[in-house]
Amino acid sequence: SCLVFSKILLSLIVLCCLFIPKLFKSKEKLEKSIAVLPFRNLSNDTTQLYFSDGIVEAILNYLSKVGELKVISSTSTKRYRDTELSIKEIARELGVASILEGSVQKSGNNVRITAQLIEAKTDMHLWSEIYDKDISDIFAIQSEVAQNVAKELKATLTSVEKEQINIYQTQNPEAYSLYLQGRFNIEKRTEDGFRKSIEYFENAISLDPDYALAYAGLADAYFLLPWYSKMPWKEGYAQSKEYVNKALGIDKNLAEAHTVLGTLLCWNDWKWEEARKELQLACELNPNFVPAHSYYSELLDILRENSEARKQINIVLELDPFFPMMHSLSGAYYFRESKYRESLDEYKVLQELNPGSNYALGLFYNYIKLGEDLKAVEALQKVLLRDTLTAKNATLAKSIYEKSGINGVLNWLVELALNRSVPDPYELATRYASIGKKEEALYWLEKYFDTQPVDLPRINNRPQLETLRSEPRFQAMIKKLGLSDYQTPK
């Protein structure tokens, strides 16, 4: 039917927007671009997966320090672990000219690593090597692989980059193995994963007290843990700040540590310009480090520097095109810029990448702005169906719309929010603002402010709250956040 065909066509359009690389990049930039695929774990022990993944992360870490290279993040390349796609197809999806692939086999203290660099358009091997070494040589191997790749791609290394590639964060293979397990667990983005990563990082430090990356890993874990658990934010912050200072005390040029410090200055200290300085430095130290660019984009978003936030999130999407959270951020930023069609596209990509995400809420707001109210209601129904407590209201939403239009739906959403066993102050603030009830909106926003949630600074650039900006009570909150000088969108 036409409806089925339309859905298929829409899906293809969304996938093309995501997967077809931009055609108007300079030839030189494309030639100096690479993706490192997950190395095959040839060990009999499947628990050694963390080790093969860790080898890839280490090589990526070295390569990402080369400013002339575009290096795709492992978040996007891991989807190709068991793929049947050809090298050429993978390179096309990721928008790169070269692919590095390989395998790892670890047995006791012996490790065998194979690596081959492939030119995607010709499927020609540019370079390959087999390493049969003691595990104590692992650091030299990773550095050598990165330097050979850079050489083959004709990337010129600055003196600082050469120095960074030759720095080994630890000389202790066991500490390194523990660090890899810490990173493996932190990437799970779960409370259990963060707590396990903390144990691994602590054990790595017990073997090497000068392991700066392990301290940075602890700082990162403690910064993220309160977002995913009931750990008080102040407790997580204190631990994170302590470990990030230790990391920088050992290695002042560690991008990972400067990134965490920048986020702490942003979300906890509200020291906006100091946060900017740290995150800019992290981006300079490691131009391909996705967290530095993504956190920097969030700071710029808070400061209402929309065009600069867009630049940073675009860099992230170049480096990590399959990271769902980044498409969510991009969709939100387009919404701030009043680019509702572009925002819709990003939320549709998010739907393709992570059907379990809350993409439909983004669709709801965009369709209202575009005057496509029926589509907005259909998106709202998907939102309601996600929660067993509200699923029964999904059908009711449609009938209310047919009777009272979109304004009736917005008023009904206020009633739903009020009737929750524990009302969400922020939800009520935005709901009341959407129907023009400023007094009620300010009342609930102040209650939200008093709870001091971690992401409180975001209120400075929320379009749903824009009608409140001229109100003295709203400005009082902005002043407490130290954001009074950041009121004009840029």
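Residues numbered from 1 in each chain as written. Predicted model: local features only at pLDDT ≥ 70, side-chain atom pairs only at ≥ 80, totals over all residues. Heavy atoms only, no water.

A. Representation of helix α12 (residues 255–267) in the model. Across its 13 residues, α12 extends 18 Å between first and last C-alpha, which sits within 8% of the 18 Å expected from 1.5 Å per residue. α12 sits mainly inside the fold: 13 of its 13 residues count as buried. (Helix = DSSP H or I, 4+ residues; strand = E, 2+ residues; numbered from the N terminus. Expected span 1.5 Å × (residues − 1). Buried < 20%, exposed > 50% of the residue type's maximum accessible area, 1.4 Å probe, protein only.)

B. A look at the packing of aromatic side chains. This model, assessed by the stated rule, comprises 18 aromatic pairs. Measuring from centroid to centroid gives 6.0 Å for tyrosine 222 and tyrosine 243, while their planes differ by 15 degrees, and the two rings are stacked. Residue tyrosine 222 is found in helix α10 (residues 212–228), and its partner tyrosine 243 is found in helix α11 (residues 233–250); the two are separated by 21 residues along the sequence. Like tyrosine 243, tyrosine 222 is buried. Linked through ring pairs, Phe223, Trp227, Trp233, Tyr237, Trp267 and Tyr295 together constitute an aromatic cluster. The ring of phenylalanine 322 has arginine 79 sitting right over it, with the charged end atom 3.9 Å from the ring centre. In this arrangement the basic side chain of lysine 106 is found over the ring face of phenylalanine 51, its NZ or CZ atom lying 5.5 Å from the centre. (Phe/Tyr/Trp six-rings, centres within 6.5 Å; stacked < 30°, edge-to-face > 60°. Lys NZ or Arg CZ within 6 Å of the ring centre and 35° of its normal.)

C. View of the environment of tryptophan 227. For tryptophan 227, the location among the structural elements is in helix α10. Non-local contacts of tryptophan 227, meaning those with residues more than four positions away in its chain, are made with Trp233, Trp267, Val454 and Asp455. (Contact = heavy atoms within 4.5 Å.)

D. Main features of the pairing of strand β4 (residues 98–107). Extensive coverage of β4 is indicated by the burial of 7 of its 10 residues. Where strand β1 (residues 33–36) and β4 come together, 3 bridges link them in parallel fashion. Each residue of the ladder has a partner; that of valine 36, found in β4, is leucine 100. Sheet topology note: the strand β2 (residues 40–41)/β4 ladder contains 2 bridges and is parallel. Along β4, the bridge assignment pairs asparagine 41 with valine 104. When β4 meets strand β5 (residues 110–119), the two strands line up antiparallel, connected through 10 bridges. Bridge pairing in β5 links leucine 100 to leucine 117. Connecting the antiparallel pair β4 and β5 is a turn made up of 2 residues, with glycine 108 showing a positive phi of about 60 degrees. (Pairing = 2+ DSSP bridges.)

E. Here's a closer look at the pairing of β5. The buried count for β5 comes to 7 of 10 residues, which makes it a mostly enclosed element. When β5 meets strand β6 (residues 124–134), the two strands line up antiparallel, connected through 10 bridges. Opposite glutamate 119, over in β6, you have methionine 124 as the bridge partner. Two successive antiparallel strands, β5 and β6, enclose a turn made up of 4 residues, where aspartate 123 displays a positive phi of approximately 60 degrees.

F. Structural detail: unusual backbone geometry. One non-glycine residue, arginine 304, lies in the positive phi region at around 65 degrees. Considering the arrangement of structural elements, one finds arginine 304 in the loop between α14 (290–302) and α15 (306–319). Classification of arginine 304 as buried rests on a relative accessible area of 4%. If you check the backbone angles, glutamine 452 has positive phi at about 50 degrees while not being a glycine. As for its placement among the helices and strands, glutamine 452 is situated in the loop between α22 (438–450) and α23 (472–480).

G. A look at the environment of tyrosine 228. Within the secondary structure, tyrosine 228 sits in helix α10. Along the backbone, tyrosine 228 and threonine 190 are 38 residues apart, and their C-alpha atoms lie at a distance of 6.5 Å. If we skip the residues at most four places from it in the chain, tyrosine 228 touches Arg189, Glu191, Phe194 and Met325.

H. Main features of the nonpolar core. Counting residues in hydrophobic clusters, the biggest one holds 144 residues, and the most contacted among them are Phe39, Leu100 and Ile459. The element contributing the most residues to this core is α10, with 12 residues. Each residue touching phenylalanine 39, except ones within four places of it in the same chain, is listed here: Ser52, Ile55, Val56, Ile59, Leu100, Glu101, Gly102, Ser103, Val104, Ile113, Thr114 and Ala115. Counting 15 residues, the second-largest nonpolar core is a separate cluster that includes Ala35, Leu94, Val96 and Phe322. (Core = buried A, V, L, I, M, F, W, Y, C linked by side-chain atoms within 4.5 Å.)

I. Representation of the packing of helix α16 (residues 324–336) against helix α17 (residues 340–353). Between α16 and α17, whose axes approach to 8 Å, the crossing angle comes to 165 degrees. Judged on the interaxial angle alone, α17 and α16 are roughly antiparallel. Crossing hand, α16 versus α17: left-handed. Listed contacts from α17 to Pro324, His327, Ser328, Ser330, Gly331, Ala332, Tyr334 and Phe335 of α16 are Tyr340, Glu342, Ser343, Glu346, Tyr347, Val349, Leu350 and Leu353. (Axes fitted to C-alpha atoms, helices over the stretch in contact; angles between N-to-C directions. Parallel < 35°, antiparallel > 145°, perpendicular 65-115°, else oblique. Left-handed = near helix turned anticlockwise from the far one by under 90°.)

J. Spatial organisation of the confidence of the model for the protein. For the protein, the average pLDDT comes to 90, and 94% of its residues sit at 70 or higher. Across the protein, α23 holds the top mean pLDDT of 98, while helix α1 (residues 2–19) sits lowest at 51. Between residues 19–28, whose pLDDT stays under 50, and residues either more than four places distant or in other chains, the model counts 11 contacts. (pLDDT = per-residue confidence, 0-100.)

K. Representation of the pattern of salt bridges within the structure. Enumeration over the complete set of coordinates arrives at 26 salt bridges. Ionic pairing is found between glutamate 439 and arginine 473, a salt bridge with its closest N-O pair at 2.7 Å. A residue pair is termed long-range when its members are at least 10 positions apart, and glutamate 439 in helix α22 and arginine 473 in helix α23 qualify at 34 residues. Exposure remark for glutamate 439: the relative accessible area of 53% places this residue in the exposed category. Ionic contacts of the salt-bridge type, sharing partners, join the residues Arg183, Glu187 and Asp220 into one network. (Salt bridge = Lys/Arg side-chain N within 4 Å of Asp/Glu carboxyl O.)

L. Geometry of the side chain of glutamate 298. Following the sequence through the fold, glutamate 298 ends up in helix α14. Setting aside residues no more than four positions away along its own chain, glutamate 298 makes contact with Trp267, Leu329, Tyr333 and Arg458.

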